[in-house]
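Given next are the chains, with one letter for each unit.
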Amino acid sequence: MESLNPLPSASRIAALIADSSNQNAKAVAISVVAATGSTNADLMQAVATLSRPQLLVAQAQTAGRGRAGRRWHTTPASALTFSLAWKFERPLHGLVGLPLAVGIALAEALQVFGVTVNLKWPNDVLRDGAKLAGILIETASVKSAGAQATWAVIGIGLNLDMPAGLEAEIGRSAAAIPELQDQSRERILAIILSALSDMLALFDQQGFAPFAARWNNLHAYSGEQVRILDGDRIQHEGIAVGVDDIGRFLMTTAQGRVAVVAGDVSLRLREPV
Ligand code: ATP
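Just so you know, the residues in each chain are numbered from 1, in the order the chain's sequence is written. Only residues with pLDDT of at least 70 are given local features in this predicted model, and only at 80 or more are side-chain atom pairs given and counted; all residues enter the totals for whole chains, interfaces and linings. Each side-chain value is derived from all of the structure's non-hydrogen atoms; neither hydrogens nor water enter the calculation.

Remarks on the site of the ligand
Of all residues adjacent to the ligand, which total 16 residues, the nearest are Arg67, Lys120, Lys131, Ser266 and Arg268. Any N or O atom pair separated by 3.5 Å or less is treated as a polar contact, with the protein-specific requirement of one donor-capable and one acceptor-capable atom, and with residues adjacent in sequence counted only for side-chain atom pairs. Measuring from an oxygen atom of the ligand, one finds a side-chain N or O atom of Asp124 at 3.0 Å. Within the side chain of Arg172, one N or O atom sits 3.1 Å away from an oxygen atom of the ligand. Protein chains shield 94% of the accessible area of the ligand, which is 620 Å² for the free molecule. In terms of residue class, the shell around the ligand is built from three nonpolar, five polar and eight charged. Nearness of a residue to a molecule or strand requires only that one of the residue's heavy atoms be within 4 Å of it. Using a 1.4 Å probe, accessible areas were evaluated by the Shrake-Rupley method; residue-level cover was limited to the displayed protein chains. Throughout this entry, Asp, Glu, Lys and Arg are counted as charged residues, while Ala, Val, Leu, Ile, Met, Phe, Trp, Tyr, Cys and Pro are counted as nonpolar. The remaining residues, Gly among them, count as polar.

Here it is as structure tokens:
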């Protein structure tokens, strides 16, 4: 049996943020719940009524989701699961590239703890080649006070521990950061919230372009033979290059350079033949 960690304290996270110089994070309302189905679903329901950005942390998430309805598996003691609702000045179509920028913010936050990770396009954080964190972004265009507002709900599941039973449930290798088990969860969350808030403020002003070089520095598959899959169908095959200024994935194929947009396609390393 896993022992349950105490519920992270919202006021302790807020106090850590208040002590920092991060103005963007200070605008965020913070709440923590013991259990919910999905923090993303909860915030998506709430965005029409929110007057400021909101962080929702759940100690246990019973219906965590990935892209295209895939599942995100956790146990309460093994992971941090949380979502951040953020309001943008830019229109919905200006959020292309946001999942990639979220990966950068997470990587930079983990670097504070000496943990090095890499990014897999479009939305995975890898450690030693295995998935450490998943990012799910849902968006809404909401009418409030007569004006249209763009909201994104950024859901993150970050593995701290990977009990054997959980890895079996996931069905593929997954990474964790057991060395962070001794850190206070409030401190980890405050550092991640700071990194996310600064990234989001810059993204709102300038879009993905200022992040492209940082993403390419963290790219897990640079120079590797990869495939883009649409379901079981191979859409492109070639050598991974990196991303461009709008977050498209660049590959060199037999037909030349291609730029892939993130839809429901999946990127995989090509198995050696
Ligand atoms: P893609 O490569 O197309 O992004 P994905 O398989 O990584 O696809 P996501 O929607 O990003 O899909 O994430 C959901 C997937 O992540 C699940 O199908 C499962 O394979 C994997 N997964 C679920 N829970 C965990 C976890 N705690 N740690 C690591 N991987 C997980």
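Let's pick the thread back up.
As for the side chain of Thr36
Elements are defined by DSSP. Helices are runs of H or I of four residues or more, strands are runs of E of two residues or more, and each kind is numbered from the N terminus. One can find Thr36 in strand 1 (residues 29–36). On the basis of relative accessibility, which here comes to 15%, the residue Thr36 falls in the buried class. A contact between two residues is defined here by any heavy atoms of the two lying within 4.5 Å. Contact partners of Thr36, with chain neighbours within four places excluded, come to Asp42, Ala58, Ala60, Gln61 and Thr62. Only protein chains enter the calculation, and the probe is 1.4 Å; a residue is then buried if its accessible area is under 20% of its type maximum, exposed if over 50%, and partly exposed in between.

A closer look at the domain arrangement of the protein chain
Domain annotation of the protein chain identifies domain 1 (10–217) and domain 2 (225–269). Relative placement of domain 1 and domain 2: their C-alpha centres are 25 Å apart. If you look at the interface, domain 1 gives 14 residues, while domain 2 gives 18 residues. When two parts are put together, the accessible area they lose, computed with a 1.4 Å probe and summed over both, is reported as buried area. Between domain 1 and domain 2 lies a buried interface of about 1,200 Å² when both sides are counted; carbon and sulfur atoms form 58% of it. Three residues stand out in domain 1 for area buried against domain 2, namely Arg67, Lys120 and Trp121, and they jointly supply 49% of the buried area on that side. For this document, the term salt bridge refers to a Lys or Arg side-chain nitrogen within 4 Å of an Asp or Glu carboxyl oxygen. Inspection of the region where domain 1 meets domain 2 yields zero salt bridges. Here domain 1 and domain 2 share four residue pairs in polar contact (both at pLDDT 80 or more) between them. By residue class, the composition of the side of domain 1 that touches domain 2 is nine nonpolar, two polar and three charged. All domain edges in this entry derive from an automatic or database-based domain assignment.

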